[in-house]
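Listed here are the chains, written in short residue letters.
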Amino acid sequence: MASTTSDTKQDVVTVYLGRPNFSCSQCSAVITLQDELISKHFSGREGRGYLIHSAVNVKLGKKEDRHLLTGVHTVADVFCVGCNERLGWFYHKAADQSQKYKEGKYLLEREKLIKDNAWTLDD
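Numbering of residues starts from 1 in every chain and runs along the sequence as written. Local features in this predicted model are restricted to residues of pLDDT 70 or higher, and side-chain atom pairs are both shown and tallied only at a pLDDT of 80 or more, whereas totals for entire chains, interfaces and linings draw on every residue. Side-chain numbers come from the whole structure's heavy atoms, not from hydrogens or water.

- Looking up the protein chain in an unreviewed UniProt entry gives the name Protein yippee-like, with the organism given as Heliocybe sulcata.
- UniProt positions are given in the numbering used here, feature names are shortened, and annotations may be inferred rather than shown by experiment. In the Sequence similarities (unreviewed entry) part of its UniProt record, the protein chain is described as follows: "Belongs to the yippee family."

The following block contains the structure:
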């Protein structure tokens, strides 16, 4: 585990080693397994995004109601605990019944992530 170096940084959990995952593009902290991916067809603030079941090495910002493409949602920004980079947001609540499936899930921006397939070459 990494040591805490400031008030804004926390210990980074090193899990999922050797498994296909997505990591923070700034500090390479593992954020989620690729198995947690629900959909690649979402939009973030800065381009395409992924809807994800769960994430590690993240912290949530303040809850707020935000007008998104699919209506009003109660969300909180998601930050990497390793470098404090904003990675996307967490859906707390959706006003529209058709959007309830997003509740409790993460929207992570593609440009903020590194895809690691954990491939190995056989000798």
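## What about the sheet that holds strand β2 (residues 30-33)?
- For two strands to be treated as a pair, DSSP must find at least two bridges joining them. Only DSSP runs of H or I reaching four residues or more are called helices, and only runs of E reaching two or more are called strands; each is numbered from the N terminus. Ordered in space as β2-β1-β9, the three strands form an open sheet in which the pairing is antiparallel. Strands at the two margins of the open sheet, each flanked by one partner only, are β2 and β9 (113-116). Across the sheet, the mean angle separating the axes of adjacent strands is 25 degrees when strand polarity is ignored. Each axis is a line fitted through C-alpha atoms, and for a helix only the stretch in contact is used; angles between axes span 0 to 180 degrees, taken between their N-to-C directions.

## Comments concerning the packing of aromatic side chains
- Think of it this way: a Phe, Tyr or Trp ring, Trp meaning its six-membered ring, pairs with another when their centres are within 6.5 Å, and the plane angle makes it stacked under 30 degrees, edge-to-face over 60, tilted otherwise. The tally for this structure, following the rule as stated, stands at three aromatic pairs.
- Centre to centre, the rings of Phe22 and Tyr50 are 5.2 Å apart; their planes meet at 40 degrees, and the pair counts as tilted. Here Phe22 is found in strand β1 (residues 21-24), whereas its partner Tyr50 is found in strand β4 (residues 47-52), with 28 residues between them in sequence.
- Exposure categories follow from relative accessible area, calculated using a 1.4 Å probe and restricted to protein chains: below 20% of the type maximum is buried, above 50% is exposed, and the middle band is partly exposed. By relative accessible area, Tyr50 is classed as buried at 11%.

## Comments concerning the nonpolar core
- For our purposes a nonpolar core is just a set of buried Ala, Val, Leu, Ile, Met, Phe, Trp, Tyr and Cys residues, chained together by side-chain atoms within 4.5 Å. Of all hydrophobic cores here, the largest spans 15 residues; its most connected members are Ile31, Val58, Leu87, Tyr106 and Leu108.
- Only β1, β4, β6 (71-80), β7 (86-94) and β8 (106-109) provide two or more residues apiece to this core.
- Note on contacts: a residue pair is in contact if any heavy atoms of the two residues lie within 4.5 Å. Residue contacts for Leu87: discarding those within four places in its chain leaves Cys24, Ile31, Val58, Val78, Phe79, Cys80, Leu107, Leu108, Glu109 and Lys112.
- Judged by nonpolar contacts, the second largest core, of six residues, contains Phe42, Val75, Trp89 and Leu107.

## Overview of the pairing of strand β5 (residues 58-68)
- Relative to β6, β5 is paired through nine bridges, and the arrangement is antiparallel. Of the residues in β6, the one forming a bridge with Leu68 is Gly71.
- Remark: two residues form the turn of the hairpin made by β5 and β6, two consecutive strands paired antiparallel.

## What to know about the sheet that holds strand β3 (residues 37-44)
- Ordered by their spatial adjacency, six strands build an open sheet running β3-β4-β8-β7-β6-β5, and the pairing between neighbours is antiparallel. Each edge of the open sheet carries a strand with a single partner, namely β3 and β5. The mean inter-strand angle of the sheet, taken between neighbouring strand axes irrespective of direction, is 30 degrees.
- As judged from the four bridges shared by β4 and β8, these two strands associate in the antiparallel manner. Directly across from Ile52, in β8, lies its bridge partner Tyr106.

## Looking at the side chain of Lys105
- Along the chain, Lys105 falls in the loop between β7 and β8.
- Positive charges come from Lys and Arg, negative ones from Asp and Glu, while His and the chain ends are left out of the count. The salt bridge criterion pairs a side-chain nitrogen of Lys or Arg with a carboxyl oxygen of Asp or Glu, the two atoms within 4 Å. One buried charged residue, Lys105, remains without a salt bridge, the closest side chain of opposite sign being Glu103 at 8.4 Å.
- In protein, a polar contact requires one atom able to donate a hydrogen and another able to accept it; more generally it is a pair of N or O atoms within 3.5 Å, and residues adjacent in sequence count only if both atoms are side-chain atoms. Of note is the side chain of Lys105, whose polar atom sits 3.0 Å from the backbone oxygen of Tyr101.
- If we ignore the near neighbours within four places in the chain, the residues touching Lys105 are Ile38, Leu51, Ile52, His53, Trp89, Phe90 and Tyr91.

## Brief notes about the environment of Thr70
- Its location among the elements puts Thr70 in the loop between β5 and β6.
- By relative accessible area, Thr70 is classed as partly exposed at 37%.
- Expressed as a C-alpha distance, the spacing of Thr70 and Ala94, which sit 24 residues apart in the sequence, is 9.4 Å.
- Engagement of the side chain of Thr70 in a polar contact is seen with the side chain of His73, the distance being 2.9 Å.

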